[in-house]
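Report on the structure
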Amino acid sequence: MDLPRAGGGPFMTYVMEPPRTYDPPRAETGLPLRGSREIQGDIIAGAKKDHVQLVFLKFENDRLARIWLRRLRPRIATTRQVAAFNAEFSRARKQSGGDDPKALNAVWRVVSFTYPGLKLLAGRDPFPSVPPGSTQEAFKQGPAARAAMLGDTGQCAPEHWLFGNGTGQPVHAVLTVSADRPQDLRVALTEEREEAVRHKVVIVFEQDGATLEGTRRGKEHFGFKDGISEPAILGFDPPDPDRPEHKKGSPGTRIIPAGEIVIGYERDDGRRTDLPDWARNGSFQVVRRLAQDVPGWWAQVAARLNDLKRAEAVPPEATTEWLAARLVGRWRSGTPVSKCPHADTPSDAEAWSDNDISYRADPEGEITPLFSHLRKTSPRDGLLLNPTDKETVPEKGGLDGRRIMRRGIPYGQPFDPAGSAGNGPDAPRGLVFVCYQADLVRQFEFIQKDWVEDPDFPMRSPDPGRDPLVGTATDVSFQGRQVRFEQFVRTEGAVYAFSPSLSTIELLADGKLDGGGQDGDRILTAPFTLRPTDEPVSTAKAKLVMRQDGDLAVLDERDQVRWDSGVPGGGGVRATFQEDGDIVIFTAGDRPVWKSRTTGNPHAKLIVLTDGNVMIRAADGTVVWQTNTAH
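Residues numbered from 1 in each chain as written. Predicted model: local features only at pLDDT ≥ 70, side-chain atom pairs only at ≥ 80, totals over all residues. Heavy atoms only, no water.

Any two packed helices are characterised by the angle at which their axes cross and by the distance between the axes. With their axes 8 Å apart at the nearest point, helix 1 (residues 62-72) and helix 12 (residues 502-509) run at an angle of 150° to one another. On the basis of the axis angle, helix 1 is roughly antiparallel to helix 12. You can see that helix 1 and helix 12 cross each other, and the crossing is left-handed. Contacts from Arg66, Leu69 and Arg70 in helix 1 reach Ile505, Leu508 and Ala509 in helix 12. Partitioning the contact of helix 1 with helix 12 into residue classes produces four nonpolar, no polar and two charged. (Axes fitted to C-alpha atoms, helices over the stretch in contact; angles between N-to-C directions. Helix = DSSP H or I, 4+ residues; strand = E, 2+ residues; numbered from the N terminus. Parallel < 35°, antiparallel > 145°, perpendicular 65-115°, else oblique. Left-handed = near helix turned anticlockwise from the far one by under 90°. Contact = heavy atoms within 4.5 Å. Nonpolar A, V, L, I, M, F, W, Y, C, P; charged D, E, K, R; others polar.)

For the structure on display, the rule yields 48 salt bridges. The partner of Arg531 in a salt bridge is Glu266, and the shortest N-O contact between them spans 3.9 Å. A residue pair is termed long-range when its members are at least 10 positions apart, and Arg531 in the loop between strand 16 (528-530) and strand 17 (537-538) and Glu266 in the loop between strand 7 (255-256) and strand 8 (283-292) qualify at 265 residues. When its relative accessible area of 44% is taken as the criterion, Glu266 is described as partly exposed. Notably, a salt bridge pairs Arg484 with Asp475, separated by 3.6 Å at the nearest N-O pair. (Salt bridge = Lys/Arg side-chain N within 4 Å of Asp/Glu carboxyl O. Buried < 20%, exposed > 50% of the residue type's maximum accessible area, 1.4 Å probe, protein only.)

The next thing to look at is the packing of helix 1 against helix 6 (residues 182-198). Between helix 1 and helix 6, the least distance of the axes is 9 Å, while the angle of their chain directions is 155°. It follows from the interaxial angle that helix 1 and helix 6 lie roughly antiparallel. Along this stretch, helix 1 crosses helix 6, giving a crossing that reads as right-handed. Of the residues in helix 6, those touching helix 1 at Trp68, Arg71 and Leu72 are Glu192, Glu195, Ala196 and Arg198. Residues of the contact of helix 1 with helix 6, tallied by class, amount to three nonpolar, no polar and four charged.

Each disulfide consists of one covalent bond between the sulfur atoms belonging to two cysteines. Throughout the structure, instances matching the rule amount to zero disulfides. Cysteine Cys435 shares no disulfide, and the gap to the nearest cysteine sulfur, in Cys156, comes to 17 Å. (Disulfide = S-S within 2.5 Å.)

This brings us to the sheet that holds strand 23 (residues 592-595). Two pairing modes exist for strands in a sheet, parallel and antiparallel, and in both the strands are linked by backbone hydrogen bonds. Strands sit in the order 16-21-22-23 across an open sheet of four strands; the sheet is antiparallel. A single partner strand is all that each edge strand has here, and the edge strands are strand 16 and strand 23. Each strand of the sheet is rotated relative to its neighbour by a mean of 25°, with strand direction disregarded. Here strand 22 (residues 583-587) pairs with strand 23 via three bridges, running antiparallel. From the neighbouring strand, Phe586 faces strand 23, where its bridge partner is Pro592. (Pairing = 2+ DSSP bridges.)

That is the geometry; function is a separate question.
Here's what the structure looks like:
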């Protein structure tokens, strides 16, 4: 489960003047993704605001839908904008002693499209080739068709959903609008609703979300601190000098390859994606409305504690909070049970280390149970699949490829028996679960099916049980006893969508997904990196390749060199097409050894043509560099 922190987030028009002091790092710093104008702002930078509205849309007319999208395009937030705002917000917050800077406010918009939505806008099948078991297949089928596999049965079955059930109004797009202030969100939503009406875009459903207030701030409705376990991203987050696999200033936050979240970049297993070029700089989005029965869940925890006490299976001083913390893996404050097994430590003095968790010394779950929500959704360094295994599953090359980027937010009023009807036990409340990943099957679906919903993960006798926080009803193995937990989190809607790059949004607005060139041309958007271990970028008559000797070259269909950069042996380890329009070859120490000298061309495209030529085309269509290798 996941909550946003206040203050970060994508925005299209700053409510205040945009910060002028932040200069996003260039590729030489090793953080090229911070300056991306292609990746939508919520994916890796995080559109984390206190007030959010997800608007589920249906297109009535494909031509008008493309006009709507073309008009929306300038309002979509980019990673560059979000990263700049978040950095300024963090600095201002530190200077104020931890208080949110009231003068810094923003409104962000991001958009994603379902399979039918992409098909309608593009005028053709966006994924004509759908390998069995692939993320394309999952995306094309959608979550309603895969509900049984994901545990969405019974009261969670699609026939009870409010959106995305496959039988009601189809969802073609999800527009997410988020703001620091509710009045700014209202103004932005009024504009978007008017735009929708004008272009015959039907609002199928609207889902609100808001950070809980007061002592509940930063927590989900069950009362536990949330949103502190997301991975960091290589090329976006700075590494710790002493622990380079972890984010600087965030102990325990592992840096994973960008390709696990954003399509077209290096992945944990080193494999290249089989998705089309237009998917580059995009990400698959999962949206789920998860209703939470707060009083029911806590009453159940109290009842199970009494059962355990009668059986003398827990210490006599154990409280309901003690047992609940073991179901979650954290205390309410966010303190991990692995660090403080006996009591909560609600002080914020070490909140920065709440994600610094290790299970290596607890492989059998004696402190943090194997069925706890934290271990089920992210086993970290303590996963022994079988009790006889001698080594835990490695995070790098093993578990990092399962990570997802969560961007959820609570909806509804907190449960309060003394409050109004909106605070009552039957009032709607829960979590809007949102996550991004490069592969729906290997990431979200694997976590949900093979970890959360598998009672025999990890394999033990007796079974550890399903996740008792968000999974279906289960018996868990606790302190040598089988303890029954019923389900108190219900799925009430779900959508699979795709969040494309800004360039692909432009293509969709023009009714195409072919990259805008002749059939077979390969059109690359920045930032794009080519390494000696990567496959060439190929067309019928050209292969753009980074060779082992550090030279960038263009080969023809007979693998003969038609052009090269002329720096063999110069120590080059990667060639990067940067957002300023320049191609640069870097050494392992990030020293440039060759440049195309085409800087000053933001939004340029690097194109490998079917006729054998390779060129850089500026945003206005002008060719600013080429290899002259057409033949």
